[in-house]
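Examining the three-dimensional arrangement
These are the residues of each chain, in order.
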Amino acid sequence: QVQLVESGGGLVQPGGSLRLSCIAAGVILSGVTMRWYRQAPGKERELVASISSGGTTNVADFVKGRFTISRDNAKNTVYLQMNNLKPEDTAVYYCHTYRNGRNYWGQGTQATVSS
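Structural notes, computed from the coordinates. Note that the structure is a prediction, hence the values are computed from the model and not measured.

Enumeration according to the criterion identifies four salt bridges in this entry. A salt bridge links Asp89 to Arg38, with the nearest nitrogen and oxygen atoms 2.9 Å apart. Of this pair, Asp89 sits in the loop between β8 (77-82) and β9 (91-99) while Arg38 is found in strand β4 (residues 34-39), placing the two residues 51 residues apart along the sequence. Accessibility expressed as a relative area gives 1% for Asp89, which makes it buried. Measuring nitrogen to oxygen at the nearest pair gives 3.2 Å for the salt bridge that ties Lys64 to Asp61. If you follow the salt bridges from partner to partner, you end up with Arg38, Glu46, Arg66 and Asp89 in one network.

Here's what the structure looks like:
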C-alpha cells in the first residue's frame with residue numbers, strides 16, 4: 001500500500017520561503033515520477049513540479065525561478081522548495097505518484113502567503 005504524507009506548510013509573508021516535504025511508504029521514490037500539485041480555493045488542481053525516476057525535473061512556468069523540486073533517496077522523500085512566495089501561491093499542496101495503474105495522493109499541506 002502506497003502512502004504519501006506531506007508536511008511543511010504554514011503561514012508566511014510575501015517574499016518568504018517554505019520547504020514542503022513528501023515522505024513515502026510502500027514505494028521507492030527513486031523508481032517513480034513524483035509530482036507536486038496545488039489547489040487554491042475555487043480553482044482546479046494544477047501541476048506545479050515533477051521529478052522523474054532518473055532525476056529530471058520540471059517546474060511550471062508560473063513558479064519557474066522560484067520553486068525547486070528535489071529528492072533525497074536515502075530518506076525516500078521529495079521536497080518542494082518555494083522561495084519568493086506570493087499571495088497567489090496560497091493553496092493546498094499535494095504530492096502525487098502513479099504506480100501500477102493507480103494514482104496516489106497525499107492528504108495535502110496548506111501554504112498561506114499573506115501579510
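Back to the text.
Among the nine residues of β9, seven are classified as buried, and the element is accordingly described as predominantly covered. Pairing of β4 with β9, which is carried by six bridges, proceeds in the antiparallel orientation. Looking across to β9, one finds that Arg38 is bridged to Tyr93. Two elements, β9 and strand β11 (residues 109-113), share three bridges in a ladder whose sense is antiparallel. Across the sheet, the residue bridging to Tyr93 is Thr109, located in β11. With four bridges connecting them, β9 and strand β10 (residues 102-105) associate as antiparallel partners. Within the sheet, the bridge partner assigned to Arg99 lies in β10 and is Arg102. As consecutive antiparallel partners, β9 and β10 are separated by two residues, and within that stretch Asn100 has a phi angle of approximately 50°, a positive value.

On to the side chain of Ser21, then. Tracing the backbone through its elements, the reader meets Ser21 in strand β3 (residues 18-25). On the basis of relative accessibility, which here comes to 15%, the residue Ser21 falls in the buried class. Excluding residues that lie within four positions of it along the chain, Ser21 makes contacts with Val5, Glu6, Ser7, Trp36, Thr77, Val78 and Tyr79.

For the coordinates displayed, the defined rule picks out one disulfide. The side chain of Cys22 participates in a disulfide bridge whose partner is Cys95; the two sulfur atoms lie 2.1 Å from each other. Here the disulfide of Cys22 and Cys95 is right-handed, its torsion about the S-S bond being about 60°. Of this pair, Cys22 sits in strand β3 while Cys95 sits in strand β9, and the two are 73 residues apart along the sequence. Per residue, the accessibility class of Cys22 equals that of Cys95, and both read buried.

Calculation notes
Residues numbered from 1 in each chain as written. Predicted model: local features only at pLDDT ≥ 70, side-chain atom pairs only at ≥ 80, totals over all residues. Heavy atoms only, no water. Salt bridge = Lys/Arg side-chain N within 4 Å of Asp/Glu carboxyl O. Helix = DSSP H or I, 4+ residues; strand = E, 2+ residues; numbered from the N terminus. Buried < 20%, exposed > 50% of the residue type's maximum accessible area, 1.4 Å probe, protein only. Pairing = 2+ DSSP bridges. Contact = heavy atoms within 4.5 Å. Disulfide = S-S within 2.5 Å.

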